[in-house]
Amino acid sequence: MADKKARLTVDGLEGEIELPVYSGTEGPDVIDVRPLTGQGLFTYDPGFVSTAACESKLTYIDGEKGILLHGGYPIEQLAQHSDYLEVCYLLLNGELPTPEQKEKFNNTVTNHTMVHEQLSQFFKGFRRDAHPMAIMCGVVGALSAFYHDSLDINDAHHREVCAYRLIAKMPTLAAMCYKYSIGQPFMYPQNELSYAENFLRMMFGTPCGDYKVSPTLARAMDKIFILHADHEQNASTSTVRLAGSSGANPFACIAAGIAALWGPAHGGANEAVLVMLNEIGDEANIPEFIDRAKDPEDPFRLMGFGHRVYRNFDPRAKVMKKTCDEVLAELGIENDPLLKIAKRLEQIALEDDYFVQRKLYPNVDFYSGIILKAIGIPTNMFTVIFALSRTIGWISHWNEFHSSPNKIGRPRQLYTGPKLRDYPTK
Ligand code: CMC
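Novice: Quick rundown of the overall build of the chain? Include the residues and the values.
Specialist: Along the chain, the regular secondary structure elements total 18 helices and six strands. Taking 2.2 N^0.38 as the reference for a compact globule, 426 residues should give roughly 22 Å; the C-alpha atoms of the chain span a radius of gyration of 23 Å, in line with that estimate. The principal-axis extent of the C-alpha atoms belonging to the chain is close to 80 × 65 × 60 Å. Counting over 426 residues, the chain shows a buried share of 48%. Within the chain, contacts between residues at least 6 apart in sequence are counted, and of these 70% link residues at least 24 apart.

Novice: Describe the site of the ligand, naming the residues involved and giving the relevant values.
Specialist: Taken together, 21 residues lie around the ligand, and His266, Arg301, Leu302, Gly304 and Arg308 are the ones closest in. A distance of 2.8 Å separates an oxygen atom of the ligand from a polar atom in the side chain of Arg308. Within the side chain of Asn363, one N or O atom sits 2.9 Å away from an oxygen atom of the ligand. Relative to its unbound accessible surface of 940 Å², the ligand loses 74% to contact with the protein. Its residues placed into classes, the shell around the ligand shows eleven nonpolar, six polar and four charged.

Novice: Quick one: what's the story with the state of the cysteines, residue by residue and with numbers?
Specialist: Note: disulfide means a covalent bond formed between the sulfur atoms of two cysteine side chains. Evaluation of the coordinates by the stated rule reveals zero disulfides. With no disulfide of its own, Cys177 lies closest to Cys137 among cysteine sulfurs, the gap being 9.9 Å.

Novice: With reference to specific residues and values, describe the side chain of Lys223.
Specialist: With respect to the helices and strands, Lys223 occurs in helix α9 (residues 215–227). The contact partners of Lys223, leaving out residues within four places of it in the chain, are Ala79, Thr323 and Glu326.

Novice: So, the side chain of Glu271: which residues are in play, and what are the values?
Specialist: With respect to the element layout, Glu271 can be found in helix α12 (residues 269–280). No salt bridge is formed by the buried Glu271, whose closest oppositely charged neighbour, Lys373, lies at an N-O distance of 15 Å. Among the polar contacts listed, one links the side chain of Glu271 to the side chain of His131, at a separation of 3.0 Å. Not counting chain neighbours up to four residues away, the residues in contact with Glu271 comprise His131, Thr379, Asn380, Phe382 and Thr383.

Novice: Outline unusual backbone geometry, supporting the account with residue identities and numerical values.
Specialist: A positive phi angle is found at Phe48, which is not glycine, with a value near 50°. Tracing the chain through its elements places Phe48 in the loop between α1 (35–38) and β4 (59–62). The exposure class assigned to Phe48 is exposed, which follows from its relative accessible area of 53%. Even without being a glycine, Lys359 presents a positive backbone phi close to 55°. Note that Lys359 resides in the loop between α16 (353–357) and α17 (364–375). Its relative accessible area of 37% is what places Lys359 among the partly exposed residues.

Novice: Describe the packing of helix α7 (residues 156–182) against helix α8 (residues 195–204), with residues and values.
Specialist: At a minimum axis separation of 8 Å, α7 and α8 run at an interaxial angle of 20°. On the basis of the axis angle, α7 is roughly parallel to α8. Crossing geometry of α7 relative to α8 is assigned as right-handed. Counted together, Ile167, Pro171, Thr172, Ala174, Ala175, Tyr178 and Lys179 of α7 and Tyr195, Phe199, Met202, Met203 and Phe204 of α8 form the full contact between these two elements.

Rules behind the numbers
Residues numbered from 1 in each chain as written. Predicted model: local features only at pLDDT ≥ 70, side-chain atom pairs only at ≥ 80, totals over all residues. Heavy atoms only, no water. Helix = DSSP H or I, 4+ residues; strand = E, 2+ residues; numbered from the N terminus. Rg over C-alpha atoms; globule rule 2.2 N^0.38 Å. Buried < 20%, exposed > 50% of the residue type's maximum accessible area, 1.4 Å probe, protein only. Contact = heavy atoms within 4.5 Å. Near = heavy atom within 4 Å. Polar contact = N/O pair within 3.5 Å; in protein donor to acceptor, adjacent residues only side chain to side chain. Areas by Shrake-Rupley, 256 points an atom, 1.4 Å probe, with all protein chains shown as cover. Nonpolar A, V, L, I, M, F, W, Y, C, P; charged D, E, K, R; others polar. Disulfide = S-S within 2.5 Å. Lys, Arg positive; Asp, Glu negative; His and termini not counted. Salt bridge = Lys/Arg side-chain N within 4 Å of Asp/Glu carboxyl O. Axes fitted to C-alpha atoms, helices over the stretch in contact; angles between N-to-C directions. Parallel < 35°, antiparallel > 145°, perpendicular 65-115°, else oblique. Left-handed = near helix turned anticlockwise from the far one by under 90°.

Pasting the structure below:
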């Protein structure tokens, strides 16, 4: 696998240290730094800005060009021609399904959508005004207490069953969070509906009447699920891999991923974007917020802008913007004031030197909130929708980790604390 070598000289060390260099199918070469440990050296890379923590076949991002591929397929094509469950199959299996495989996969997921009845008792322990992400951390972790029959992480079949259970139950649990917060009864899933339709019905239907799912909204919801499905080694996925590396069960690992996703620098940004747009309130106030974002003394950042990997348009944001226009047009929401502010903000930021020089472009979270709001999803549920969609990415990475020889994740450190000293005895 190592077709090239890097050679390193270090002051105080004799000779050269030879390090293998590997080439992937796409992307930059990576230097294998493992031989350094034998020389008493570690590498230092806070924030993992230049560290490949694993080998993976699932997703590829070219941040400079703004390209995102799942199994080699561009995200724009998947969003246009595929559907979320097919993308789930692709991420789990590495190939698109045949029609028979697709039908079987969809049926299996559909037949796992109900949650254990006892699980509904967990919700009652939360305050009605609890943040739904707090509830999700708890109830998804609690799934490990219900499915003892599939917790052998060394058994490929057990891992597959866990993946089905997680993909299937996340929409049910997400909708239960919402229903609990507004005091309405939980809605059971319905097997004849598609994944997105089922979610919308469990969110907005009630036992008192029929809920007709709008095909436009279901398609938009499905696109949102696709656009968030995976994004290689981001903070939450790395968290899931790291938690999984200790041998923890998959439900506990996904709960850890949900916790990592919650922060505003990651998945919490979609909620933060809408809060920010409301706070801006009027196009006339945009310059004030742009100035704040540029002020190094002010912690305020333009939410929905910037990305660790993309130094170009986030390809997901492009699809999201188009979907947003389509959804608002089909719903007859002309002149949405928040959309107006968002479009103007984007235009100003894209022309401003500060953002241009730092290559800060709108990311996936910039437009998703506006669509979710138009669909009727409350702001505090936005990150839950991200978690629901990303579950397939998390579980696929977790499964990939366990499908090949692996090691517990254990980073080292540059210690700068006190040197060895004696405890004062007088
Ligand atoms: N507004 C203003 N300035 C920014 C922003 C922003 N949104 N993002 C980065 N910068 C500046 C930052 O202050 C720094 O400036 P300087 O070089 O003068 O110190 C420079 O750009 C580089 O930023 P960084 O913090 O070193 O970059 P990072 O790769 O560590 O952070 C990020 C990436 C996404 C956390 C950051 O851009 C950010 O906080 N964005 C806002 C939150 C957001 O939208 N997050 C969603 C990410 S996409 C969805 C997901 O994958 O979860």
